[in-house]
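# Tertiary structure, described
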Amino acid sequence: GDSVTQTEGLVTLTEGLPVMLNCTYQTAYSTFLFWYVQHLNEAPKLLLKSSTDNKRTEHQGFHATLHKSSSSFHLQKSSAQLSDSALYYCALSGMATGGNNKLTFGQGTVLSVIP
Amino acid sequence: ETAVFQTPNYHVTQVGNEVSFNCKQTLGHDTMYWYKQDSKKLLKIMFSYNNKQLIVNETVPRRFSPQSSDKAHLNLRIKSVEPEDSAVYLCASRDRGDTLYFGAGTRLSVL
């Protein structure tokens, strides 16, 4: 079955340093890769989404490039801000029977940005 | 802009009680979900509801049951809560591009 792996449970960074959160996946057939962000006591919300191989996707200063050759979709930002502190989930939608694509989430990575 | 509404925000109850959580989406999506977010922040799918078809995650205990009156509403009932049910329950709807729109969650504490 499909799987999504986020290797870091917690990433602690000093403000201003670059951010990279890892995401790798396994699937026989994927339609989309996603990054969701959840700030404390808020709903998870979509940050980035991509289905195109080797194309950089950007939103709110974050970017990610889907690399199907390495099954990766790492999240990056050039300079961390205190407001980036949150829980980040990588997810994929994969083909399932009945046409209702199956959504699979990674374990989540907490990003903590310190002054 | 909130489009998936969950009530209540918090609920404290005792072991053995019955609880119900409500979820409504105003996005016109056909598919809705309930997820459990545990203490380790893992997101576990519990149910999905699409075009009146209910898909149940086989690992969900029988004391959990979804209830839907129409495609905009998907409620969750827990018949007899147990301590391990303490978690945040997240409702979501899904658009045709597979993007999920989550509610803010209901935090359940079982004493």
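Each remark here, short or long, concerns the structure printed above.
Report follows, based on the coordinates.

Calculation notes
- Residues numbered from 1 in each chain as written.
- Chains lettered and ligands numbered in written order.
- Predicted model: local features only at pLDDT ≥ 70, side-chain atom pairs only at ≥ 80, totals over all residues.
- Heavy atoms only, no water.
- Helix = DSSP H or I, 4+ residues; strand = E, 2+ residues; numbered from the N terminus.
- Contact = heavy atoms within 4.5 Å.
- Polar contact = N/O pair within 3.5 Å; in protein donor to acceptor, adjacent residues only side chain to side chain.
- Disulfide = S-S within 2.5 Å.
- Buried < 20%, exposed > 50% of the residue type's maximum accessible area, 1.4 Å probe, protein only.
- Core = buried A, V, L, I, M, F, W, Y, C linked by side-chain atoms within 4.5 Å.

## So, the environment of B:S68
Residue and element names in this part refer to chain B. Inspection of the secondary structure assignment puts S68 in strand 7 (residues 64–70). When the C-alpha atoms of S68 and N22 are compared, they prove to be 9.8 Å apart, with 46 residues separating the residues in sequence. If sequence neighbours within four positions are ignored, S68 has contacts with Y49, H73 and L74. Of note is the side chain of S68, whose polar atom sits 2.9 Å from the backbone oxygen of D70. In terms of polar contacts, S68 uses its side chain to reach the backbone carbonyl oxygen of H73, at 2.8 Å.

## Looking at the state of the cysteines
All names here are of chain B. Using the criterion set out here, one finds 2 disulfides over all chains in the structure. A sulfur-sulfur distance of 1.8 Å marks the disulfide that ties C23 to C91. Disulfide C23 to C91: torsion about the S-S bond roughly -80 degrees, handedness left-handed. Taken as a pair, C23 in strand 3 (residues 19–25) and C91 in strand 9 (residues 87–94) lie far apart in primary sequence, 68 residues in all. Owing to a relative accessible area of 1%, C23 belongs among the buried residues under this scheme. C91 sits in the buried class, given a relative accessible area of 0%.

## Thoughts on the nonpolar core
Counting 24 residues, the largest nonpolar core has A:W35, A:L47, A:L75 and A:Y88 as its most contacted members. Contributing elements (two or more residues each) for this core: strand 2 (10–14), strand 3 (19–21), strand 5 (30–38), strand 6 (45–50), strand 8 (62–65), strand 10 (86–94) and strand 12 (109–114) of chain A. At 4 residues, strand 10 of chain A tops the list of elements feeding residues into this core. When sequence neighbours within four positions are dropped, the list of residues in contact with A:Y88 reads A:Q6, A:L21, A:W35, A:Y36, A:V37, A:L47, A:F62, A:L75, A:G108, A:T109 and A:L111. Membership of the second largest hydrophobic core comes to 20 residues, among which are B:F21, B:L74, B:A87 and B:V110.

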